[in-house]
Amino acid sequence: MRNNIGKYAATIGWPVLVTTLILLAWEISVRMLGIRSIILPPPSAVLETMAHRHDLLLTHLWPSLYLTVLGFLLSVIGGIFVAVLITYSAIVRKGFYPVIVVSQVIPKISIAPLFIVWFGTGTMPSLLLAFLVAFFPMTINAAMGFESIDEDIHRMARTFMGSRWQIFWKIRMPNAMPYIFGGMKISITLAIIGVIVSEFVASQEGIGYLIKLAGGLLDTPPLWDHRGRGKLGGLLAATTRGRRGRRRMMRCS
Amino acid sequence: MRSAVASSAPARALGRARDDGAAIVSIAALKKTFGDLEAIRHLSFDVGDGEFLSVLGPSGCGKSTLLMMVAGLIDPTAGEIRIQGAKVTGPRREIGVVFQSPVLLPWRTVLQNVLFPIELLKLPRPHYRRRAMELLRMAKIDEFAGVLPRQLSGGMRQRVAICRALVHDPNILLMDEPFSALDAITRDEMAVELQRIWQVNRKTVIFVTHSIREAAFLSDRVVVMGRRPATIIDELAIELPRPRPIAVTEDETFNRLVRHLRKAIEASHAE
Ligand SMILES: Nc1ncnc2c1ncn2[C@@H]1O[C@H](COP(=O)(O)OP(=O)(O)OP(=O)(O)O)[C@@H](O)[C@H]1O
Ligand SMILES: [Mg+2]
């Protein structure tokens, strides 16, 4: 029990410590070197802006957050679905899978303007882009998890007359769990990038929009603030996912 | 009846089931080719009800292939396998298989692994849970029922695999070199354990191995397969009293049997 609390404190403690040290070094170097706020504002200035304009920030945070989560969830569902198709359909595996892989050389961010042409400047382009960038690692990971089954395990299940359905739910799915959570970790961070970039290109709201706006006004502290938030949000999301993923995995076993 | 110790049956009678007990598994003119590769040319033998039969042969002669066909996992190219008179066309309930490696599911505890066939076969869980615990007790690993496989030693894992193969109470147990991944000491130990489990459960066992001593120690009868393309080249009844202690392997009678089997295998190499 005490050991558990200790471990928990360590998982929280170390990242907090490192972050604090980085921020401190940043603050000190900005002050000592006399760097102008417009080039690189110190964290204290960023925090001040955060506190000062929190209502503005919050109103723009929600749409971004909402689209990120939605795009992420869609990518998880879609990725697992396509992975199942890859596992069970020779046509998808041999025909579509290589195409999906090769298509990844296209920087998906460059499609953002196209989406805006198609769907206008509303939430749709952001959602689509978030989904699109998050979808790939989900698919690849889940497919890997479904397929990396030892041939002997498959045989063993067949000697006990396991059906395809049973083999999927009792072997492939639990086997894929760690892979799926690994994919989720990557996907959530990509979804955030997708949303912010899309808002950056064309949108009337969201963190990406604020970044562009502040950048245009040469108002660096808020700009840094959003970056910080984007980053912080990403970090937060990754760690909670990771922890929950691990817990989920333990429950599965 | 054959003479008490060792007698090689005349060539045309090779493979008949021992005694007059009805054959539970009968293999007739079995042939298996993989593309151009002829793995098994011609195999015919019967296995009697409750008999412990070893199939002894050099590596790569098609022993696993033979077991997979008996298990209904792959189809023979020609010939047929009958179990209790019915032709084998796919996996069957009355068969349990132990593979060369334990193939346990790493995310399931020992007990959950042993109960895995029960889930797949949709049998009543409470009843078989009790049976699973009994099997684990018999295999002396009941105290590890709640533990994950990675926390077990190789020998313990293979015991779990044996319990899993027995849990749904199959008539026939197929074992494909189940101890080949274990060290020599554990291997002897496991052979003694297996004999004990077999004496309690009295299944028909087809035990594949390339260890001559293991085959001689465990079996009622040993069928010797030659090099690929495989045929049966010899057969030997082992009529040593049971339970056989591991010390039996130092007896002259036992060693005579081992020599006989070795000669048969060497003769097939010389050809
Ligand atoms: N699916 C397959 N496709 C092609 N060839 C195969 C296949 N399975 C087995 N073989 C070949 O058939 C022969 C017999 O293989 P098998 O695994 O039955 O041998 P074995 O007697 O079990 O050997 P070992 O003692 O090393 O396990 C080998 O030459 C092997 O290469
Ligand atoms: Mg083999």
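Keep in mind it's a predicted model, so treat the numbers as computed, not measured. (Residues numbered from 1 in each chain as written. Chains lettered and ligands numbered in written order. Predicted model: local features only at pLDDT ≥ 70, side-chain atom pairs only at ≥ 80, totals over all residues. Heavy atoms only, no water.)

**Quick notes on the side chain of Asp-220 of chain B**
Test applied: Here a strand is any run of E in DSSP of at least two residues, a helix any run of H or I of at least four, and the numbering for each starts at the N terminus. Each polar contact in these results corresponds to two N or O atoms within 3.5 Å; when the atoms are within protein, one needs to be able to donate a hydrogen and the other to accept it, and residues that are neighboring in sequence are counted only if both atoms are side-chain atoms.
Looking at the element boundaries, Asp-220 of chain B is found in the loop between helix H7 (212-218) and strand S9 (221-225). Polar side-chain contacts of Asp-220 of chain B include one of 3.0 Å to the side chain of Arg-242 of chain B.

**Let's talk about the packing of helix H7 (residues 151-159) of chain A against helix H8 (residues 164-201) of chain A**
Residues and elements named next belong to chain A. Quick reminder of the rule: The axes used here are C-alpha line fits, helices contributing only the stretch in contact, and every angle between their N-to-C directions lies in the interval 0 to 180 degrees. Less than a right angle of anticlockwise turn of the near helix away from the far helix marks a crossing as left-handed, whereas a clockwise turn marks it as right-handed. Any two residues having at least one pair of non-hydrogen atoms within 4.5 Å are treated as being in contact. In this classification, Asp, Glu, Lys and Arg are treated as charged, Ala, Val, Leu, Ile, Met, Phe, Trp, Tyr, Cys and Pro as nonpolar, and every other residue, Gly included, as polar.
One way to put it is that H7 packs onto H8 with a least axis distance of 11 Å and a crossing angle of 145 degrees. In this structure, H7 meets H8 at a crossing whose hand is right-handed. From H7, Ile-153, His-154, Ala-157 and Arg-158 reach across to H8, where they touch Ile-167, Ile-171 and Arg-172. When grouped by side-chain class, the residues that make up the contact of H7 with H8 number 4 nonpolar, 1 polar and 2 charged.

**Section: the environment of Ile-162 of chain B**
Residue and element names in this part refer to chain B. The line we're drawing: In this scheme, a residue with accessible area under 20% of its type's maximum is buried, one over 50% is exposed, and one in between is partly exposed, where area comes from a 1.4 Å probe on protein chains only.
On the secondary structure map, Ile-162 appears in helix H5 (residues 154-166). Taking the relative accessible area as the measure of exposure, Ile-162 reaches 3% and is therefore buried. Taking C-alpha positions, Ile-162 is 9.1 Å from Leu-173, a pair spaced 11 residues apart along the chain. Ignoring sequence-local partners within four residues, the contact set of Ile-162 consists of Val-98, Met-175, Phe-179 and Met-190.

**Side note on the environment of Leu-23 of chain A**
Residue and element names in this part refer to chain A. On the secondary structure map, Leu-23 appears in helix H1 (residues 2-33). Take Leu-23: its relative accessible area is 37%, and that puts it in the partly exposed class. The spatial distance from the C-alpha of Leu-23 to the C-alpha of Ser-44 is 9.1 Å, given a sequence separation of 21 residues.

**Considering the domain arrangement of chain B**
Residues and elements named next belong to chain B. The condition that has to hold: Domain delimitation follows an automatic or database domain assignment. Accessible surface is computed with a 1.4 Å probe, and the buried area is the amount of it that two parts give up when combined, taken over both parts together. We count a salt bridge whenever a side-chain nitrogen from Lys or Arg sits within 4 Å of a carboxyl oxygen from Asp or Glu.
Under the domain assignment, chain B is made up of domain 1 (1-94 + 171-188 + 203-271) and domain 2 (101-169). The interface of domain 1 with domain 2 comprises 9 residues on the first partner and 11 residues on the second. Between domain 1 and domain 2, roughly 820 Å² of surface is buried when both sides are summed, and carbon and sulfur atoms account for 63% of that area. Broken down residue by residue, the surface that domain 1 buries against domain 2 is led by Arg-93, Leu-173 and Lys-203, which jointly contribute 59%. Our count for the contact surface shared by domain 1 and domain 2 stands at 1 salt bridge. Linking Asp-169 and Lys-203 is a salt bridge whose minimum nitrogen-to-oxygen distance equals 2.4 Å. Taken together, the connections running from domain 1 to domain 2 amount to 3 residue pairs in polar contact (both at pLDDT 80 or more). A per-class count over the side of domain 1 that touches domain 2 returns 5 nonpolar, 2 polar and 2 charged.

**What to know about the site of ligand 1**
Residue and element names in this part refer to chain B. Counted only if it meets this: Residues are labelled near a given molecule or strand when at least one of their non-hydrogen atoms is within 4 Å of it. Surface accessibility in these figures is a Shrake-Rupley result with a 1.4 Å probe; residues are shielded only by whichever protein chains are displayed.
The immediate surroundings of ligand 1 are formed by 13 residues, with Ser-59, Gly-60, Lys-63, Ser-64 and Thr-65 found nearest. Contact between ligand 1 and Gly-60: an oxygen atom at 2.7 Å from a main-chain N or O atom of the residue. Between ligand 1 and Lys-63 there is a distance of 2.7 Å, counted from an oxygen atom to a side-chain nitrogen or oxygen. Alone, ligand 1 offers 640 Å² of accessible surface; in the complex the protein occludes 61% of this.

**A closer look at helix H5 (residues 112-119) of chain A**
All names here are of chain A. Under the convention used in this document: It is the directions from the helix axis to the C-beta atoms whose arc is reported.
If you check which residues of H5 are buried, you get Ala-112, Phe-115 and Ile-116. For H5, the arc enclosing every buried residue in end-on projection is 100 degrees, short of the 170-degree limit, so these residues lie on one face. Summarising the geometry of H5, the exposed residues directed more than 90 degrees from the buried face are Val-117 and Trp-118. Tucked into the core, H5 has its buried residues touching helix H6 (124-147) and H8.

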